[in-house]
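Residue-level listing of the chains:
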Amino acid sequence: MHPHPVVIFDIITFLACLTALVFLCKSSIHAKQHRTQLLFSGLLVFTLLCYSFCLILEWSRVTSRLDILENFIGVLAPMWWAFVFYAFLKEITEKNLRESEARLYELFDEAPIGYHELDTEGRITHINKTELKMLGYKYEEMLGRPVWEFVIEEETSRQAVIDKLSGAIPPGQALERTLRQKNGNTLPVLCEDRLLHDDFGNITGIRSTIQNISKRKQAEYDREQLMETLASKNKELESILYVTSHDLRAPLVNIQGFSHELSLSCEQVRSALRDRKKSADTDEKLQTALNKDIPEALGFITNSASRMESLLSGLLRLSRLGTAALNIESLDMNTLLADVTKSTEYQIKQAGATVKVEPLPPCRGDSSQINQVFTNILNNALKYLDDTRPGMIRVYAKAEYGRNVYCVEDNGVGIAPDHKEKIFEIFYRLEPDKKHGEGLGLTIVKHILERHNGNIRVESKPGVGSKFFISLPSV
Amino acid sequence: MKWGQVERKRMNKEGVILIAEDDEGHFELIKRTLQRAGVCNEILRFADGQETLDFLFIKGDGLKREPNREYLLLLDIRMPKIDGIEVLEKIKQDPNLKKIPVVMLTTTDDPVTIERCHDLGCSVYIVKPVEYEDFTDAVHKIGLFLSVVEIPQVSGFK
């Protein structure tokens, strides 16, 4: 026996109702139960009950159809169809929406720049993973806290955020800020703000992007350092040029001047010789010219020429120093100082001085150049000893932040405070008349130490002695 | 050379020319040229800035400035111990010594240095030329300057 077609139609409608119920239940899990949804569910359950009742009656053929019930279901059926269709579409749209939202959140969280949102009080309402990672905080630790609590320039930031939220200043300008990380470090960032508005145009908050600019800052810092080094090198070069041109010119003035004096003397000799009547006066003129003026002029000329020669060879030595390859190795400073004192033994004996070298820690450097450094300093100490007391020179060292500071201490004449910087100047000599030399010793020392990433400074008391501190990288 | 004899010798014979010059040769040349230009005042040489200041400020155990005498200073810049600019600065800061005319006579032709010396109050700035003719010219001019300039007397310290 075949079922009646209407019965098949009834079964399909029944299934539709069931589907609608499933949809409703499912959506009620996601969202809060809405009043209309409740009404729909009630109706649905009621319809289903009616249906079940009808179908059971019909199948069991216990009784004939209940017409009223039949009509009622006939009216409701299209509505249920429409509802199922609507619910199906809604489900698809919502699914898409959820997916794109998830994608968006992933973008938001995993973006290479930090994002956060603030409410009207400047408190953080949202923050992405990138920014959390930047600062080392957990989501809950930052949520709800005023954003300026994480900024080093706290007061400036607070004022700026409040002004922006009140509409007093327009946002949009990128600002450089320093953020406080959880571990106490700081992070330079570029912060860009946008205002959030509601439908009525009221400001509801701020959305900011945070860019880590520490690499850029580091590069900027490095560049500044480089510029400083360049500037100081440039200045040094300028001063070398200035001093050199002055010092090279000085002997030239002498050579020119005394050459002319010579020619004047020659003229005098000539005129004296032309004088037929040789009187005592002409004789004296001749004597002065030949025995005094001419030798004197010649002396000045020769001295000036050799002065120029020594200046030029000094310059050459200094320039060679800058190009010589460095062979940096671990240096046993005790052996090195023993070599230095041995090679200056003669000068030490001449000066009648005692040189005492205490045990020294090793350092890193080029052995011949570091030898030169200590030889020059020791020679200087010997040169400027005080004649009134026996010379005492002591070499000792102490470690200081990964470096060794070697000290050469003497009890010599000392250096006046005004000359402390000048003594390192090229061709500068404290007592050019009394001591010989080119005025290059300490310039060379400074130059060598600069190339070794070391430095030299001096402490001195006139009449008491000087201490030269040489700092070099330790092993 | 057409410098000829200077007729009016305003600078008193009593006036002393102080030359601060570390280079002995330069000093000798300056002295000779000044004398040839007709300047026959007493000339004193100081080998560095320290000696110059000691003399002027009546310190140390060298020669000392006498009160109520006329002085004029020819000052080199690059000298050991204390350079000429510092000497100039100290002289011009002193209410008494600042009356002394100071002629900068140096090989440095650096415009910055020249300006600084003028700012500090030097009377004349002359670059020592390498060329002999120019050099004697320059010193001659100083000789002329010396013969017409009125040099105030500098009183002693209290």
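Our structure's up above, just so we're on the same page.
Presented here is a report on the structure given in the accompanying data block. (Residues numbered from 1 in each chain as written. Chains lettered and ligands numbered in written order. Predicted model: local features only at pLDDT ≥ 70, side-chain atom pairs only at ≥ 80, totals over all residues. Heavy atoms only, no water.)

## What to know about the overall build of chain B
Part 1 of the argument: Counting its secondary structure elements, chain B contains five helices and six strands.
Part 2 of the argument: Within chain B, the proportion of its 158 residues that are buried is 56%.
Part 3 of the argument: Taking all contacts inside chain B whose residues are at least 6 apart in sequence as the whole, residues at least 24 apart take part in 71%. (Helix = DSSP H or I, 4+ residues; strand = E, 2+ residues; numbered from the N terminus. Buried < 20%, exposed > 50% of the residue type's maximum accessible area, 1.4 Å probe, protein only. Contact = heavy atoms within 4.5 Å.)

## Regarding the nonpolar core
Part 1 of the argument: By size, the foremost hydrophobic cluster in this structure holds 47 residues, and its most contacted members are Met333, Phe374, Ile377, Phe468 and Ile470 of chain A.
Part 2 of the argument: The greatest single-element share of this core, amounting to seven residues, is contributed by helix 11 (residues 367-383) of chain A.
Part 3 of the argument: Setting aside residues up to four positions removed in sequence, Met333 of chain A forms contacts with Leu360, Pro361, Pro362, Cys363, Ile370, Phe374 and Tyr406 of chain A.
Part 4 of the argument: By size, the runner-up hydrophobic cluster in this structure holds 28 residues, among which are Val269 and Ile294 of chain A together with Ile30 and Ala138 of chain B. (Core = buried A, V, L, I, M, F, W, Y, C linked by side-chain atoms within 4.5 Å.)

## Remarks on the packing of helix 8 (residues 280-323) of chain A against helix 12 (residues 441-451) of chain A
All names here are of chain A.
Part 1 of the argument: Two numbers describe how helix 8 lies on helix 12: the axes approach to 10 Å, and their chain directions differ by 10°. One element, helix 8, and the other, helix 12, form an angle in the roughly parallel class. Contact residues: Arg317, Leu318, Leu321, Gly322 and Thr323 in helix 8; Thr443, Ile444, His447, Ile448 and Arg451 in helix 12.
Part 2 of the argument: For the contact of helix 8 with helix 12, the class distribution of residues is four nonpolar, four polar and two charged. (Axes fitted to C-alpha atoms, helices over the stretch in contact; angles between N-to-C directions. Parallel < 35°, antiparallel > 145°, perpendicular 65-115°, else oblique. Nonpolar A, V, L, I, M, F, W, Y, C, P; charged D, E, K, R; others polar.)

## Focus on the sheet that holds strand 1 (residues 114-118) of chain A
All names here are of chain A.
Part 1 of the argument: The five strands lie next to each other as 2-1-5-4-3, forming an open sheet whose pairing is antiparallel. Both outer strands of the open sheet, strand 2 (124-127) and strand 3 (175-180), are each paired with one neighbouring strand and no more. Strand-to-strand twist across the sheet, computed as the mean angle between neighbouring axes with direction ignored, equals 35°.
Part 2 of the argument: Inspection of the sheet shows strand 3 paired to strand 4 (residues 186-197) by six bridges, in the antiparallel sense. Paired with Leu179 across the bridge in strand 4 is Leu187.
Part 3 of the argument: Relative to the sheet, helix 6 (residues 154-165) contacts strand 1, strand 3, strand 4 and strand 5 (203-212), its axis offset from that of strand 5 by approximately 140°. (Pairing = 2+ DSSP bridges.)

## Regarding the side chain of Asp386 of chain A
Residues and elements named next belong to chain A.
Part 1 of the argument: Tracing the backbone shows Asp386 in the loop between helix 11 and strand 9 (392-400).
Part 2 of the argument: Judged by relative accessible area, which is 16%, Asp386 ranks as buried.
Part 3 of the argument: Within the structure, Asp386 has its side chain in polar contact with the side chain of Thr388 (distance 2.8 Å). (Polar contact = N/O pair within 3.5 Å; in protein donor to acceptor, adjacent residues only side chain to side chain.)

## Structural notes on the pairing of strand 4 of chain A
Remember that side chains alternate between the two faces of the sheet whenever the strand is regular.
All names here are of chain A.
Part 1 of the argument: Here strand 3 hands over to strand 4 after five residues, with Gly184 in that stretch at a positive phi of 95°.
Part 2 of the argument: Summarising the sheet, strand 4 and strand 5 pair through nine bridges and their orientation is antiparallel. Residue pairing in the sheet places Glu192 in a bridge with Thr209 of strand 5.
Part 3 of the argument: Where strand 4 folds back on strand 5, the antiparallel hairpin that results is connected by five residues, among which Gly201 adopts a positive phi of roughly 85°.

## Section: the environment of Asn379 of chain A
All names here are of chain A.
Part 1 of the argument: By the secondary structure assignment, Asn379 is in helix 11.
Part 2 of the argument: Counting along the chain gives 31 residues from Asn379 to Ile348, while the straight-line C-alpha distance between them is 8.6 Å.
Part 3 of the argument: With near-sequence residues (within four places) excluded, Asn379 lies in contact with Thr344 and Gln347.

## Some details on the packing of helix 2 (residues 49-56) of chain B against helix 3 (residues 84-93) of chain B
Residues and elements named next belong to chain B.
Part 1 of the argument: Relative orientation of the contacting elements helix 2 and helix 3 amounts to 15°, with a least axis distance of 9 Å. In terms of their interaxial angle, helix 2 and helix 3 are classed as roughly parallel. For the pair helix 2 and helix 3, the sense of crossing is right-handed. Contact with helix 2, carried on its side by Gly49, Thr52, Leu53 and Leu56, involves Val87, Lys90 and Ile91 of helix 3 and no other residues of that element. (Left-handed = near helix turned anticlockwise from the far one by under 90°.)

## Here's the deal with helix 1 (residues 24-36) of chain B
Residue and element names in this part refer to chain B.
Part 1 of the argument: The end-to-end C-alpha distance of helix 1 is 18 Å, a good match for the 18 Å that 13 residues give at a rise of 1.5 Å each.
Part 2 of the argument: Residues Gly25, His26, Phe27, Glu28, Leu29, Ile30, Arg32, Thr33 and Leu34 constitute the buried set of helix 1.
Part 3 of the argument: Sitting at the head of helix 1, Asp23 places a side-chain oxygen 2.9 Å from the backbone nitrogen of Gly25.
Part 4 of the argument: Directly beyond the C-terminal end of helix 1, a positive phi value near 95° is found at Gly38. (Expected span 1.5 Å × (residues − 1).)

## A look at a nonpolar patch on the surface
Part 1 of the argument: A surface patch of nonpolar side chains, about 260 Å² in accessible area, is lined by Leu39, Leu43 and Met79 of chain A.
Part 2 of the argument: Within the element layout of this structure, Leu39 of chain A appears in helix 2 (residues 35-60). (Patch = residues over 30% accessible without salt bridge, like charges linked within 9 Å, V, L, I, M, F, W, Y side chains within 5 Å. Areas by Shrake-Rupley, 256 points an atom, 1.4 Å probe, with all protein chains shown as cover. Salt bridge = Lys/Arg side-chain N within 4 Å of Asp/Glu carboxyl O.)

## Quick look at the interface of chain A and chain B
Where the parts come together, the accessible area they lose is often given as the size of the interface.
Part 1 of the argument: Listed as interface residues are 30 residues of chain A and, on the opposing side, 31 residues of chain B.
Part 2 of the argument: A combined buried area of about 2,500 Å² lies between chain A and chain B, and 51% of that area is made up of carbon and sulfur atoms.
Part 3 of the argument: On the chain A side of the contact with chain B, His246, Arg249 and Val253 of chain A bury the most area, a combined 23% of that side's loss.
Part 4 of the argument: Where chain A touches chain B, the interface holds seven salt bridges.
Part 5 of the argument: In this structure, the salt-bridge partner of Arg32 of chain B is Glu296 of chain A, at a minimum N-O distance of 2.3 Å.
Part 6 of the argument: Our enumeration of links across chain A and chain B arrives at twelve residue pairs in polar contact (both at pLDDT 80 or more).
Part 7 of the argument: Taken together, the elements giving at least two residues each to the side of chain A that touches chain B come down to helix 7 (214-274) and helix 8 of chain A.
Part 8 of the argument: Of all the elements, helix 7 of chain A adds the most residues to the side of chain A that touches chain B, at 15 residues. (Buried area = accessible area lost by both parts, 1.4 Å probe.)

## Examining the pattern of salt bridges
Opposite charge on two side chains allows them to pair when their charged atoms are near.
Part 1 of the argument: Taken as a whole and assessed by the stated rule, the structure comprises 32 salt bridges over all chains.
Part 2 of the argument: The closest approach of N and O atoms between Arg180 of chain A and Glu154 of chain A, which form a salt bridge, is 3.8 Å. Linking Arg180 of chain A in strand 3 with Glu154 of chain A in helix 6, this pair joins segments that are 26 residues apart in sequence.
Part 3 of the argument: Residue Glu154 of chain A is classed as partly exposed on the basis of its relative accessible area of 33%.
Part 4 of the argument: Between Lys217 of chain A and Glu176 of chain A there is a salt bridge, and its shortest N-O distance comes to 2.8 Å. Of this pair, Lys217 of chain A sits in helix 7 while Glu176 of chain A sits in strand 3, placing them 41 residues apart in sequence.
Part 5 of the argument: Accessibility expressed as a relative area gives 39% for Glu176 of chain A, which makes it partly exposed.
Part 6 of the argument: Each member of the salt-bridge network shares a partner with another, and the members are Glu261 and Glu296 of chain A together with Glu28, Lys31, Arg32 and Arg36 of chain B.

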